[in-house]
Amino acid sequence: GSLNYEQTLAHVVELVVPEIADWCGVYIADGDGREREITSRHADPDLERVLVEIRRRRREDSGSSESLQVLTTGRSILATEVAGPPSDLAPEERAVVERLAARSYLIVPLRARGRVIGALTLLSTREGRHYREGDLAFAETLGERFALAIDNARLYEEAERSLGLLDTLFATAPVGLAFVDADGCYVRVNPALAALSGASVAD
């Protein structure tokens, strides 16, 4: 419903919590070294802070990040039953994560136009809600829809930025610039070229 990149990312997490998951994280890799993560923001700010920090730290040590694993391999991860907090946590992190009481989680690739642009994490803390193969298949389909919306918004934003740069160039270049179509007809000219020809830009 929007081609605004930030709004699209925010809308993705709003769509899945709380109906499908109790917490959601969307990780996006921009391909140029930049990365983005947006979450559904847990009601407990301490839990949210620890969750985000654990995920960030694991991405820096790429061998332990399941989100990066999904991004690299394009294969989903399903944990139907979560036994307890991970073993690599500091004592204070472990105490916070135990409060979370995670039951189950799944991570699916965000795949758009033949490439994986990120990963979608769905976490259940609800008694009796344990993800299974059917949930995974649904989440993978959802991930593809989300990925296309996110990629469309990102491409639109990049196109708008490029168009803005082009507008600036055309307005300020001291030399004549023009676009012509395949028939050699002018599609766009700048004021410098119009001045050389003695006609207006509109003409």
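Structure shown above.
Parameters at a glance
Residues numbered from 1 in each chain as written. Predicted model: local features only at pLDDT ≥ 70, side-chain atom pairs only at ≥ 80, totals over all residues. Heavy atoms only, no water. Helix = DSSP H or I, 4+ residues; strand = E, 2+ residues; numbered from the N terminus. Contact = heavy atoms within 4.5 Å. Salt bridge = Lys/Arg side-chain N within 4 Å of Asp/Glu carboxyl O. Buried < 20%, exposed > 50% of the residue type's maximum accessible area, 1.4 Å probe, protein only. Pairing = 2+ DSSP bridges. Axes fitted to C-alpha atoms, helices over the stretch in contact; angles between N-to-C directions.

Engineer: So what exactly am I meant to see when it comes to the side chain of Glu-93 here?
Structural biologist: Structurally, Glu-93 is set in helix α4 (residues 91-100). If sequence neighbours within four positions are ignored, Glu-93 has contacts with Val-50, Glu-53, Ile-54 and Arg-57.

Engineer: Help me understand the pattern of salt bridges in this model?
Structural biologist: Oppositely charged side chains may form a pair once their charged atoms are brought near each other. Scanning the model with the defined rule gives 16 salt bridges in all. Among the salt bridges present, the one from Arg-56 reaches Glu-53, with a minimum N-O distance of 2.4 Å. Note that Arg-56 and Glu-53 are positioned in helix α2 (residues 45-60) at a spacing of 3 residues, about one turn of the helix. Residue classification places Arg-56 among the partly exposed residues on the basis of a relative accessible area of 30%. Of the charged contacts, one joins Glu-93 and Arg-57 as a salt bridge, the two residues approaching to 2.8 Å between their closest N and O atoms. Pair noted here: Glu-93 is in helix α4 and Arg-57 is in helix α2, with a separation of 36 residues, a long-range link. On the basis of relative accessibility, which here comes to 28%, the residue Arg-57 falls in the partly exposed class.

Engineer: For this particular structure, what's the right way to read the environment of Arg-41?
Structural biologist: Among the structural elements, Arg-41 can be located in the loop between β2 (35-39) and α2. On the basis of relative accessible area, Arg-41 is assigned to the exposed category, the value being 63%. With 10 residues separating them along the chain, Arg-41 and Leu-51 place their C-alpha atoms 9.7 Å apart. Ignoring sequence-local partners within four residues, the contact set of Arg-41 consists of Trp-23 and Glu-48.

Engineer: What should I look at first to understand the sheet that holds strand β5 (residues 115-124) in this one?
Structural biologist: Strands in a sheet are paired, the pairing made by backbone hydrogen bonds, and the direction either parallel or antiparallel. The 5 strands lie next to each other as β2-β1-β5-β4-β3, forming an open sheet whose pairing is antiparallel. Strand pairing shows two members of the sheet lacking a second neighbour, β2 and β3 (77-79), which therefore form its edges. Averaged over neighbouring strand pairs, the angle between their axes works out to 15° when direction is ignored. Alignment of strand β1 (residues 23-29) against β2, held across 5 bridges, turns out to be antiparallel. Bridge pairing in β2 links Val-26 to Ile-38. Across the sheet, helix α5 (residues 133-172) is in contact with β1, β3, β4 (104-112) and β5; its angle to β4 comes to roughly 40°.

Engineer: For this particular structure, what's the right way to read unusual backbone geometry?
Structural biologist: With the exception of glycine, the majority of residues adopt a negative phi angle, and the majority of peptide bonds are in the trans configuration. A cis geometry characterises the amide bond from Val-17 onward to Pro-18, with omega recorded as 5°. By the secondary structure assignment, Pro-18 is in the loop between α1 (5-16) and β1. Look at Arg-41: it is not a glycine, yet its phi comes out positive at around 60°. Unusually for a residue other than glycine, Arg-113 sits at a positive phi of about 55°. Mapped onto the elements, Arg-113 comes out in the loop between β4 and β5.

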